[in-house]
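Take a look at the letters that make up each chain.
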Amino acid sequence: MTIVLLAVSVTAVASNWKKLSNDGLHDPGNPALKLLQNPEESLRVLPPDTTGNMVDWIRALQNGDIEPRSTIKGEVEEEILDLDVLIMGTGAGSVPFIRFPHKAHTEWLACSNCHEHLFKSEVGATEFTMMQILNGEYCGVCHGAVSFPLTECNRCHSVSPDEAARIQKAKVMEEKPGE
Amino acid sequence: MNRNCHNWRTPLFLAVVILLTAWPVQAEYADVVLNEHSEAEGMRPVIFSHWFHRIRFKCKVCHGELGFKMRVGSNHVSMENITAGEFCGACHNGEIAWAADQCDLCHSGKPGLKTGIQGGHETLGPGIW
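What you see is a predicted model; the values in this text were computed from it and never measured.

Engineer: Could you clarify how one ought to interpret the overall build of chain B in this entry?
Structural biologist: Scanning chain B for helices and strands turns up five helices and three strands. Along chain B, from the amino end to the carboxyl end, the secondary structure elements read α-β-β-α-α-α-α-β. Counting across all 129 residues of chain B, residues that qualify as buried make up 33%. Restricting to contacts in chain B with at least 6 residues of sequence separation, those with at least 24 account for 53%.

Below you can see the structure in the form of structure tokens.
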């Protein structure tokens, strides 16, 4: 019994991607279905992840495994910003604080996708809660829908309270030397 | 009696664990069903695959230049828009991608699907995606 169950389990895991004809969304009776690409064909060669599309899209782009266009009409300039933001007030006790990496985001998105309607540019000026994110607001507009899901707590909550305190102290020293 | 209980509990426990951890994924993460008008007008619902499109275009192309809002159901796109080169029609014009006369390639969903983001590996929180 156990062996049979294990075998079933291994078979289910063997492919991360369902065929379109069997994914619960596409109509198997559609004669054009055979013309569409199955996810496995392109996703299995990309850097793996453990969730979402099972693809590490950030790494796929940075490695040059994919070369998505940045513009169709030639209107959008690349605006890569390599700036991490430590978001205070997002950690407590054993929950680490959020480090927000602009680089990974601006490699895919334009500044105007988030600023100023979702997030004000001024650090600390936008208040949001985890419940709002779980409800599809703020970070949750993408995370949980298309970017890695909200089950991956530690990918965002990645700065320990001790480290956050050290960074803040260093920043104060830098801004007000001598204090 | 006790012994019998244990005999069925172990495989049942294993079966539950395996079903929870290895249940085959359903549709691909971030697949979008669009069926606000399709079926009412005699077509299959549209299935939009984010995975296919993001290999070819960055988010900002559609969610910037083309004007798609990042909320399923908030973009009211008609076939007139598309044939006029707006929204999907910016690429689905027979030059960058197949043209709008290839109905079944986009209108490929099962009848009865509701508009929304679908797919496996998804946060099962109180989402409104």
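Engineer: Whenever I open this one, the sheet that holds strand β2 (residues 46-49) of chain B confuses me. Can you help?
Structural biologist: All names here are of chain B. Spatial strand order, β2-β1-β3: three strands in an open sheet with antiparallel pairing. Pairing within the sheet leaves two strands with one partner each, and these edge strands are β2 and β3 (116-118). Averaged over all pairs of adjacent strands, the angle between their axes in this sheet comes to 30 degrees, without regard to strand direction. Inspection of the sheet shows strand β1 (residues 31-34) paired to β2 by four bridges, in the antiparallel sense. Looking at the pairing, V33 lines up with I47 of β2.

Engineer: Even after reading the chapter, I still don't get the sheet that holds strand β1 (residues 84-87) of chain A, so can you show me in this structure?
Structural biologist: Through backbone hydrogen bonds, the strands of a sheet pair up, either in parallel or in antiparallel fashion. Residues and elements named next belong to chain A. Pairing in this open sheet of three strands is antiparallel, and the strands run β1-β2-β3 from one edge to the other. The strands lining the two open edges of the sheet, one partner per strand, are β1 and β3 (157-159). The average undirected angle you get between the axes of adjacent strands in this sheet is 55 degrees. Two elements, β1 and strand β2 (residues 97-101), share four bridges in a ladder whose sense is antiparallel. Its bridge partner being in β2, D84 is matched across the sheet by P101.

Engineer: How do you make sense of the environment of D104(B) when you look at a structure like this?
Structural biologist: Note on placement: D104(B) falls in helix α5 (residues 103-106). With 15 C-beta atoms packed within 10 Å, D104(B) lands in the partly exposed category. The residues touching D104(B), leaving out its near neighbours within four places in the chain, are N30(A), P31(A) and A32(A).

Conventions adopted
- Residues numbered from 1 in each chain as written.
- Chains lettered and ligands numbered in written order.
- Predicted model: local features only at pLDDT ≥ 70, side-chain atom pairs only at ≥ 80, totals over all residues.
- Helix = DSSP H or I, 4+ residues; strand = E, 2+ residues; numbered from the N terminus.
- Buried ≥ 20, exposed ≤ 12 C-beta atoms within 10 Å, placed from the backbone.
- Contact = placed C-beta atoms within 7 Å.
- Pairing = 2+ DSSP bridges.
- Axes fitted to C-alpha atoms, helices over the stretch in contact; angles between N-to-C directions.

Bear in mind that shape data such as this cannot, by itself, settle questions of function.
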